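Close look at the chain arrangement
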Amino acid sequence: MPYRTLGSGADASTQVLLVTSRGTGRWVIPKGNPGAGLSAHAAAVREAEEEAGVQGVICPTPLGSYRYRKKRSNGASLMADVEVFPFSVTRELDAWKEQGERQRRWFDLADAANAVDEPDLRELIRSFGPEEFRAATRRMGVLGTVVHKSKVNRMFAWFQRLLPKSGNFFEMFEAHAATVVAGADALARVLQHGGPDHIREVIEREHDADEITRQVLQTVRVTFLTPFDRGAITALIGSMDDAIDEMQATVRAIDLYEIRHFEPEMKDMAGIVLDAARLTLEAMPLLRDVAKNGRRLHELTERLVRMESHADDIHAAGLKRAYKELAPQDPLQFAVMRELYKHLERIVDAFEDVANEIDGLVIDHA
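Please read all numbers here as calculations on a predicted model, not as lab measurements.

Basis of the calculations
- Residues numbered from 1 in each chain as written.
- Predicted model: local features only at pLDDT ≥ 70, side-chain atom pairs only at ≥ 80, totals over all residues.
- Heavy atoms only, no water.
- Helix = DSSP H or I, 4+ residues; strand = E, 2+ residues; numbered from the N terminus.
- Contact = heavy atoms within 4.5 Å.
- Phe/Tyr/Trp six-rings, centres within 6.5 Å; stacked < 30°, edge-to-face > 60°.
- Lys NZ or Arg CZ within 6 Å of the ring centre and 35° of its normal.
- Axes fitted to C-alpha atoms, helices over the stretch in contact; angles between N-to-C directions.
- Parallel < 35°, antiparallel > 145°, perpendicular 65-115°, else oblique.
- Left-handed = near helix turned anticlockwise from the far one by under 90°.
- Nonpolar A, V, L, I, M, F, W, Y, C, P; charged D, E, K, R; others polar.

Summarising the element assignment, Pro62 is placed in the loop between strand 4 (54–58) and strand 5 (64–71). Taking the C-alpha atoms as reference, Pro62 lies 10.0 Å from Met1; in sequence the two are 61 residues apart. Not counting chain neighbours up to four residues away, the residues in contact with Pro62 comprise Glu83, Val84, Phe85, Arg303 and Arg306.

Take the packing of aromatic side chains next. Summed over the entire model, instances satisfying the criterion amount to six aromatic pairs. Through successive ring pairs, a cluster of aromatic residues spans Phe170, Phe173 and Phe228. For the cation-ring pair, Arg278 lies above Tyr3, with the distance from its terminal atom to the ring centre recorded as 5.8 Å. In this arrangement the basic side chain of Arg278 is found over the ring face of Phe128, its NZ or CZ atom lying 3.7 Å from the centre.

When two helices pack together, their arrangement is captured by the angle between the axes and the distance separating the axes. Interhelical geometry of helix 7 (residues 169–193) versus helix 10 (residues 264–286) gives an angle of 165° and a closest axis separation of 9 Å. Put simply, helix 7 runs roughly antiparallel to helix 10. In this structure, the crossing between helix 7 and helix 10 has a hand that is left-handed. Of the residues in helix 10, those in contact with Phe173, Glu174, Ala177, Ala178, Val180, Val181, Ala184, Asp185, Leu187, Ala188 and Leu191 of helix 7 are Met266, Lys267, Ala270, Val273, Leu274, Ala277, Arg278, Thr280, Leu281, Met284 and Pro285. Within the contact of helix 7 with helix 10, the residues separate by chemical class into 17 nonpolar, one polar and four charged.

The structure is reproduced here in structure tokens:
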């Protein structure tokens, strides 16, 4: 499922790229059968380029799956199962293999869901970044709601001025998460294309995140009323900061050792990092009303934990292959690869910590 995000904030809109099928002209996502020796997500990357003319970073952990009935050349109509992988588009090609056979078009999530025929695919698209949850960012405070509903503004005006400030923690959470997404996107571009500019961007984003973290810690110290326990606030922002700290450590290692070639497993882990950052950004506005959004928060954290487990398997497979190929002939190069894999693993581990902190808030406040 090729997607792009318009903007960088927590309220940034997401679009999905659909293509027309060759037979019926209906709107579908790029898909196809895995070739010999190709993993499912690697095949998805190939199909996205051939059918939609896009390149980017794929998360090897599927978003979900759906079924549809496919008509074969012999006349048979059989059910096909399709795994759907989030695919962050970084480049749109001017010419591609099936350009003359298909149309491509960017849709907002709601429009994309309405455009496809398959009910399960429709629900997957809707769940990717539901606007109803982003509406939580605009929720009134409890006192503001009471004042609005009761129409007693004058009575409450003096009382509201006496209340101690509760800090702008939610805004800072969302700003930090947006910075983490930008850092993850730059990291993915480093492992896809290389280049000092992308490395520099990750480092700059880490500095921005540090500044937001300092603001959170300072606000915790001077705020009388906080939305959550002070320890929970510092643990949440700390786990997010750990993620982008490890991103910076990763690109510094790449720069130090002048690594120019990246193994497929490394790119797969970068895809997981990017999708985990996106899920974290979606979760932050929902914390404004944990009781209302507890179910969705648990869905997001469950996916983060599942992605971390998948990243562990990818890390082990990549490290094993590097050991077999490099350790006997070039132990120094193997040590470099092992360090890079370790940094990537720590990024994903930090996102699991973010998921655990969010789950703790849901348990305490929902």
